[in-house]
Amino acid sequence: MPAPSKRKREGNASSSNALKVGRSSADSSASSVTPAAMQASSDSVISDPQEESLSTSKSLFEYLERLPPGTLRSIYNLPPPRGPTVAAAVLRSSSLTDIARQCALRLVACGGKFKVETIIEGWIHRHGQRDALLALRRLESMGILEPLGLANRPGEGNEVNDEARDSEKRAKLMAKFACLTPEFKEAMRLHLSTMSSSPWPTITKEQIDEFKRNVGDAKNDGKEVEKESRDPPSHSELELYTQSSWDSVLHFLVGSDDAGRDKGGIEEPPEEMVLFLTRIGLMQEDPDYSGTDQSRAPLVITSKGYEFMLRDINAQVWQFVLQYLNSMAHHNMKDAIRMEALSFLICLGSCRVGEGYFSIVLGSKSARILMRDFARFGLLFVCRIAGKKAFYPTRVAVNLVASNEKAGSIQTDAALQSVAATRSLEESLASPVPSRSHLAVVVQTNFQVVAYTTSKLHISTLALFCDVESYRRLPNVIFFHITRDSIRSAFRLGVKADQILRFLHVHAHPMLRNGDRLLVPSNVTDQILLWDRERRRVLMDEVWTHQCRDASEFAAVGQYASDLDALAWGNAHTNKLYVHFGKSEMVYAYIRKWRTKHYNS
């Protein structure tokens, strides 16, 4: 495998930090990845503050929290299994504290209504009463409690408002009743009375065997079988499908030539996905293209695309889903479509990898359209099982919800590394023929990066911030060096220091996670941060220089420029002034007037 091209790491500030990958935008002239019924222009500016808040959500449950309270309660009110599944997922999520979960469960079990005073002073230890108020606030903001006047909308801070601090208003608050919203209460009642942990009936082996017997009987009788069906996909097949779906996107972003060369090559993403990449800002038409036919301009990766490359797969999936939801901002049925999409995603998080479901369980046509679109993101594997169309949730669909359950409110991507993911990586490293998907990185104190991988995609990603001249490889391991020039090249491409460090932490070798060893040596971390600060040590400013004739002109013009806040610097020995360019015309006009008055008189 050849070393990565150095051209793929060097940026040009005049070309919007873009990297040419040599693909034509004419190849992506298909319709949007979103269905026609949901299609809206994502290029238009979002002027609604509510939509702007939603568009910056970092997780699925943060997105739910920023929805209007009425929309949240409408989601809880959806018919089973969607409403009950969403209510249970919110109760498990990091959006609620442990005290909030306990209060919600007690209210569900005890009729759904209690005085606030009883909850705070009777249920909670006296040292935790402030935490109890914060818990009630969280329950109110998630549409679980009827309004008490405690909750603020997201982004307004985490403090309980003045009503809880003022003694008179506190007494009024204590006299109020904390009531579960009818929608959440009924949803939780249905969830707790359901025997199955799966949101939909799963495809059983008996159903598949019965279909095979019927097909065999039909063939024996000479009857024609309508459509072919296949066996259920295995866990390894689902994992390979997910990885290949994302590899095709990431290879296309970096312009890797690892696609379609041989039997194990990576296919290019479909045309709809290519168009979607340009719509969400990960790729753009080459701004330096000088041809006459702009439709043939090659696509280039943007600085936002480089940031996307360095994130883990769960964050990448959420970014795609978020942009998919944002594309509905101007649709006249956006609330109904979002409710359908969000409830579908959360139901997928309650499924198990390897279990299949017939598409008929989704009920509506819009849900089946969502099934098709989510399959393009690698969230679902769609096929025909037992003569019917079926879907199988993949690992990334399940982890999209699971990674936000029972977690802290502030997380890093490195902290989201699950035991299952680490075990899977260890199995890949131990296999005789390593898979193309695994990546395990060891950073040494001498700035050498040792990466256990066989993928050109991983090599291209590491080449964003490593010195490609130091590239060496063995059959399943590659070697790079981190240098000042390579890090500065990454900065010019729009990559940030914390993104590089997060990438190294997320993909650290599993053996480094045993014990209290640092995933990245402290001297390497400190040096990368210092190289980042070098860029801000000197601030460049455009100035206009003026050579004064004598000291009197220097003093007069310098004083005027200083009063105007236009003076950048002055040298009294040479009578030279440096003026901010934006105000140079006003200073020049003053100089002409001053010279006319003093030299021509």
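Residues numbered from 1 in each chain as written. Predicted model: local features only at pLDDT ≥ 70, side-chain atom pairs only at ≥ 80, totals over all residues. Heavy atoms only, no water.

## Observations concerning the overall build of the chain
Put simply, the test is: Under the scheme used here, helices are H or I runs from DSSP no shorter than 4 residues and strands are E runs no shorter than 2 residues, and both carry numbers assigned from the N terminus. Classification of residues uses two cut-offs on accessible area relative to the type maximum, computed with a 1.4 Å probe and protein chains only: under 20% is buried, over 50% is exposed, and between them is partly exposed. Pairs of residues are marked as contacts when any of their non-hydrogen atoms sit within 4.5 Å. In this description, accessible areas are obtained by the Shrake-Rupley approach with a 1.4 Å probe, and a residue is regarded as covered only by the protein chains that are shown.
Helix and strand content of the chain: 25 helices and 15 strands. For the chain, the residues scored as buried account for 47% of the 601 residues in total. Long-range contacts, defined here as pairs at least 24 residues apart, represent 69% of the contacts in the chain between residues at least 6 apart. With the model as given, the accessible surface of the chain reaches about 29700 Å², and the carbon-plus-sulfur share is 51%.

## Quick word on the sheet that holds strand β6 (residues 357-358)
Two strands in a sheet stick together by hydrogen bonds in their backbones, pointing the same way (parallel) or opposite ways (antiparallel). Put simply, the rule is: When DSSP finds two or more bridges between two strands, those strands count as paired.
Within the open sheet, the three strands sit side by side as β6-β8-β7. Their pairing is antiparallel. The sheet is open, and its two borders are formed by β6 and β7 (380-385), each paired with just one other strand. Bridge count for β6 against strand β8 (residues 388-393) is two bridges, and the pairing is antiparallel. Considered in β8, the bridge of Phe358 is made with Ala390.

## Let's talk about the sheet that holds strand β9 (residues 440-443)
To keep things clear, this is the line we draw: Axis lines are fitted through C-alpha atoms, for helices just across the contact stretch, and the angle between N-to-C directions can take any value from 0 to 180 degrees.
Taking strand neighbours across the sheet as the criterion, the four strands line up as β9-β10-β12-β11 in an open arrangement whose pairing is antiparallel. Because the sheet does not close on itself, it has two edges, and the strands there are β9 and β11 (467-474). Taking the axes of each pair of neighbouring strands and ignoring which way they run, one obtains an average angle of 20 degrees across the sheet. The pairing of strand β10 (residues 448-452) with strand β12 (residues 477-481) spans four bridges and is classified as antiparallel. Pairing of Gln448 across the sheet is with His481, part of β12.

## Section: the confidence of the model for the chain
So the rule is basically this: pLDDT is a per-residue confidence score from the predictor, ranging from 0 to 100.
Of all residues in the chain, 81% have pLDDT values of 70 or greater, and the mean over the chain is 80. For the chain, per-element mean pLDDT is lowest for strand β1 (residues 19-24), which scores 38, and highest for β6, which scores 96. This model gives residues 1-45 a pLDDT under 50, and the stretch forms 132 contacts once residues within four places in sequence are excluded. Overall, residues 259-263 carries pLDDT values under 50, and its contacts beyond four positions in sequence, including any with other chains, amount to four contacts.

## Description of the pairing of β12
The buried fraction of β12 is high, at four of five residues. In the sheet, β11 pairs with β12 via four bridges, with the strands oriented antiparallel. By the bridge assignment, Arg473 is partnered in β12 with Ile478.

## Examining the side chain of Gln448
Our working rule: As used in this structure description, the phrase polar contact means that two N or O atoms lie within 3.5 Å; if the pair is within protein, one of them must be able to donate a hydrogen and the other to accept it, and residues adjacent in sequence are counted only when both atoms belong to side chains.
With respect to the helices, strands and loops of the structure, Gln448 is situated in strand β10. Residue class for Gln448 comes out buried when judged on its relative accessible area of 11%. Of note is the side chain of Gln448, whose polar atom sits 3.2 Å from the side chain of Arg472. If sequence neighbours within four positions are ignored, Gln448 has contacts with Val442, Val443, Arg472, Phe479, Phe480 and His481.

## Concerning the packing of aromatic side chains
Each aromatic ring pair is summarised here by two numbers: the centre-to-centre distance and the angle between the ring planes. Which entries qualify depends on this criterion: Between 30 and 60 degrees the pair is tilted, below 30 it is stacked and above 60 it is edge-to-face, where a pair is any two Phe, Tyr or Trp rings, Trp via its six-membered ring, whose centres lie within 6.5 Å. For a Lys NZ or an Arg CZ to count as sitting over a ring, it must be within 6 Å of the ring centre and within 35 degrees of the ring normal.
Under the criterion given, the structure shown has 24 aromatic pairs. By way of ring pairs, the aromatic residues Trp200, Trp246, Phe276, Phe308, Phe320, Tyr324, Phe344, Tyr357, Phe374, Phe377 and Phe391 are connected into one cluster. Above the face of the Trp123 ring, Arg106 is positioned so that its terminal group lies 5.4 Å from the ring centre. Over the aromatic face of Phe358 sits the side chain of Lys388, whose NZ or CZ is 5.1 Å from the ring centroid.

## Focus on the environment of Arg517
The topology assignment puts Arg517 in the loop between α22 (497-506) and α23 (522-534). In this structure, Arg517 is in contact with Met511 and Leu512, ignoring residues within four places of it in sequence. Looking at Arg517, its side chain comes within polar contact range of the main-chain oxygen of Met511, at 2.6 Å.

## Some remarks on the packing of helix α4 (residues 82-92) against helix α10 (residues 182-192)
If you want to describe how two helices pack, look at the angle between their axes and the distance between the axes. Operational definition: The labels follow the angle: roughly parallel below 35 degrees, roughly antiparallel above 145, roughly perpendicular from 65 to 115, and oblique for the rest. Residues are sorted three ways: Asp, Glu, Lys and Arg are charged, Ala, Val, Leu, Ile, Met, Phe, Trp, Tyr, Cys and Pro are nonpolar, and all the rest, Gly among them, are polar.
Direction vectors running N to C along α4 and α10 enclose 95 degrees, while the axes themselves pass 8 Å from each other. Our classification of the angle between α4 and α10 gives roughly perpendicular. Only Phe184, Ala187, Met188, Leu190 and His191 of α10 make contact with α4, whose side of the interface consists of Gly83, Pro84, Ala87, Ala88 and Leu91. Partitioning the contact of α4 with α10 into residue classes produces eight nonpolar, two polar and no charged.

## Some thoughts on the nonpolar core
Using the following cut-off: To define a nonpolar core, start from buried Ala, Val, Leu, Ile, Met, Phe, Trp, Tyr and Cys residues and group those joined through side-chain atoms within 4.5 Å.
In this structure, Leu64, Phe320, Phe374, Leu379, Phe465 and Ile500 are the most contacted members of the largest nonpolar core, which totals 127 residues. Top contributing element to this core by residue count: helix α16 (residues 334-349), with nine residues. Membership of the second largest hydrophobic core comes to 10 residues, among which are Ile203, Ile208, Phe381 and Cys383.

## Points about the pairing of β8
As judged from the six bridges shared by β7 and β8, these two strands associate in the antiparallel manner. Within β8, the position partnered with Leu380 by the bridge is Pro393.

## Regarding unusual backbone geometry
Backbone torsion omega between Pro80 and Pro81 reads 5 degrees, so that peptide bond is classified as cis. For Ala386, which is not a glycine, the phi torsion comes out positive at approximately 55 degrees. The topology assignment puts Ala386 in the loop between β7 and β8. Backbone geometry at Asn575 places phi at a positive 55 degrees, although glycine is not the residue there. With respect to the helices and strands, Asn575 occurs in the loop between β14 (567-571) and β15 (576-580).

## Describing the packing of helix α12 (residues 235-254) against helix α15 (residues 313-326)
Taken N-terminus to C-terminus, the directions of α12 and α15 make an angle of 70 degrees; their axes are 12 Å apart at the nearest point. One way to sum up the angle between α12 and α15 is to call them roughly perpendicular. Residues Thr242, Trp246, Val249 and Leu250 of α12 lie in contact with α15, whose contacting residues are Ile313, Gln316, Val317 and Phe320. Of the residues belonging to the contact of α12 with α15, the class tally is six nonpolar, two polar and no charged.

## Concerning the pattern of salt bridges
A side chain of one charge can pair with a side chain of the opposite charge when the charged atoms of the two come close. Note the cut-off: Take a side-chain nitrogen of Lys or Arg and a carboxyl oxygen of Asp or Glu: if they are within 4 Å of each other, that pair is a salt bridge.
What the rule picks out here adds up to 20 salt bridges. Its salt-bridge partner being Lys205, residue Asp209 comes within 3.0 Å of it at the nearest N-O pair. Of this pair, Asp209 and Lys205 are both found in helix α11 (residues 205-220), four residues apart, which corresponds to roughly one turn of the helix. A residue is classified by how much of its surface remains accessible, and Lys205, at 59% relative accessible area, is exposed. Through salt bridges with shared partners, a single ionic network connects Glu51, Lys334 and Arg338.

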